[in-house]
Amino acid sequence: MSISERESREIEAANASGDTPVVFIHGLWLLPSSWAAWADFFRRAGYAPLMPDWPDDPETVQEARANPDVLAKKTLKQIADHTTEVVNALDGKPVLVGHSTGGLLAEMLAGNGLSAATVAIDPGIFRGVLPLPASVLKGVGAFLIDPRTRGRAITLTFDQFLYGWANALDEEEARELYDTFHVAGSGTALMQMGNANLNPWTEAKADTTNPDRGPLLIIDGEKDHTVPWAIANAAYKRQRRNPAVTEIMKMPNRGHSLTIDHAWPEVAQTTLDFVERYA
């Protein structure tokens, strides 16, 4: 896998700045640009932000919608390997911040000892995280039971997005977020998380005991239908066996859209407060 020109510029800027790098990892149904406001927020706080792609990510939402099939069949290992390549090009260990599948990927890389501190927001399921609440089955269950999902780029309808992501928002804001940010996602990565506890060879796994994992904060939205509290708390219970600092926080009245909706600065500030304590 190759590092793109944009990623190379971000790596060079981070290394030249001498500031602590913060690597933002997006999840399914978003692109790196979904972190743009966060990158500006952390840059103003004195950090060097990077927003790596998943392999073959288009540059814009418009391009992604015009050619959704390019987003199909991406595996968790492919994405983790590419993100690791970006991390290894940095002069020092970065902070990792990930949302949804990106939160899982952040935990995976942290488990490999690649992070100075990690914040996993609404993180996806890894092997050993057992709860599968009814809201998850209602939101993505139809995809998980369809064997064709693995080979497809999965686009959510607005109603699916409204239920799974924007249930804590009014419909006007939900529509704005859907139109601004939503793109197709890899059915393979979705299936890998959904089947994490059925497949002993799953790529959806994180080393929770590595003492080099570093400090970890898990953030979850109280009203999240896609990664409900039961999933986040189960991940926390496994992660807290680690000798490093492990914390969890529930954001009241927030859903899965908490990194991109109107109240994202609250989540960003919570993330920054943790990073400044431990990184």
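For the structure itself, consult the block above.
Predicted, not measured: the structure shown is a model, and the values here were computed from it. (Residues numbered from 1 in each chain as written. Predicted model: local features only at pLDDT ≥ 70, side-chain atom pairs only at ≥ 80, totals over all residues. Heavy atoms only, no water.)

As a working rule, side chains carrying opposite charge can pair if their charged atoms are close by. Following the criterion strictly, the structure yields 10 salt bridges and no others. Of the charged contacts, one joins Arg254 and Glu266 as a salt bridge, the two residues approaching to 3.7 Å between their closest N and O atoms. With Arg254 in the loop between β8 (246-251) and α11 (264-278) and Glu266 in helix α11, the pair connects residues that are 12 residues apart, well separated along the chain. Bridged by salt links that share partners, the residues Arg6, Glu10 and Asp53 form one connected network. (Salt bridge = Lys/Arg side-chain N within 4 Å of Asp/Glu carboxyl O. Helix = DSSP H or I, 4+ residues; strand = E, 2+ residues; numbered from the N terminus.)

On to the sheet that holds strand β7 (residues 216-221). Pairing within the open sheet is parallel, and its 6 strands lie in the order β2-β1-β3-β4-β7-β8. For this open sheet the edge positions go to β2 (48-50) and β8, each flanked by a neighbour on one side alone. On average, each strand axis in the sheet is inclined to that of its neighbour by 15°, with strand direction left out of account. By the bridge criterion, 4 bridges tie strand β4 (residues 117-121) to β7 in an arrangement that is parallel. Among the inter-strand pairings, Ile121 is bridged to a residue of β7, identified as Ile219. Across the sheet, helix α1 (residues 5-17) touches β1 (21-25) and β2, and the angle it forms with β2 is around 160°. Here helix α2 (residues 36-44) sits on the sheet in contact with β1, β2, β3 (95-99) and β4, set at roughly 165° to β1. (Pairing = 2+ DSSP bridges. Axes fitted to C-alpha atoms, helices over the stretch in contact; angles between N-to-C directions. Contact = heavy atoms within 4.5 Å.)

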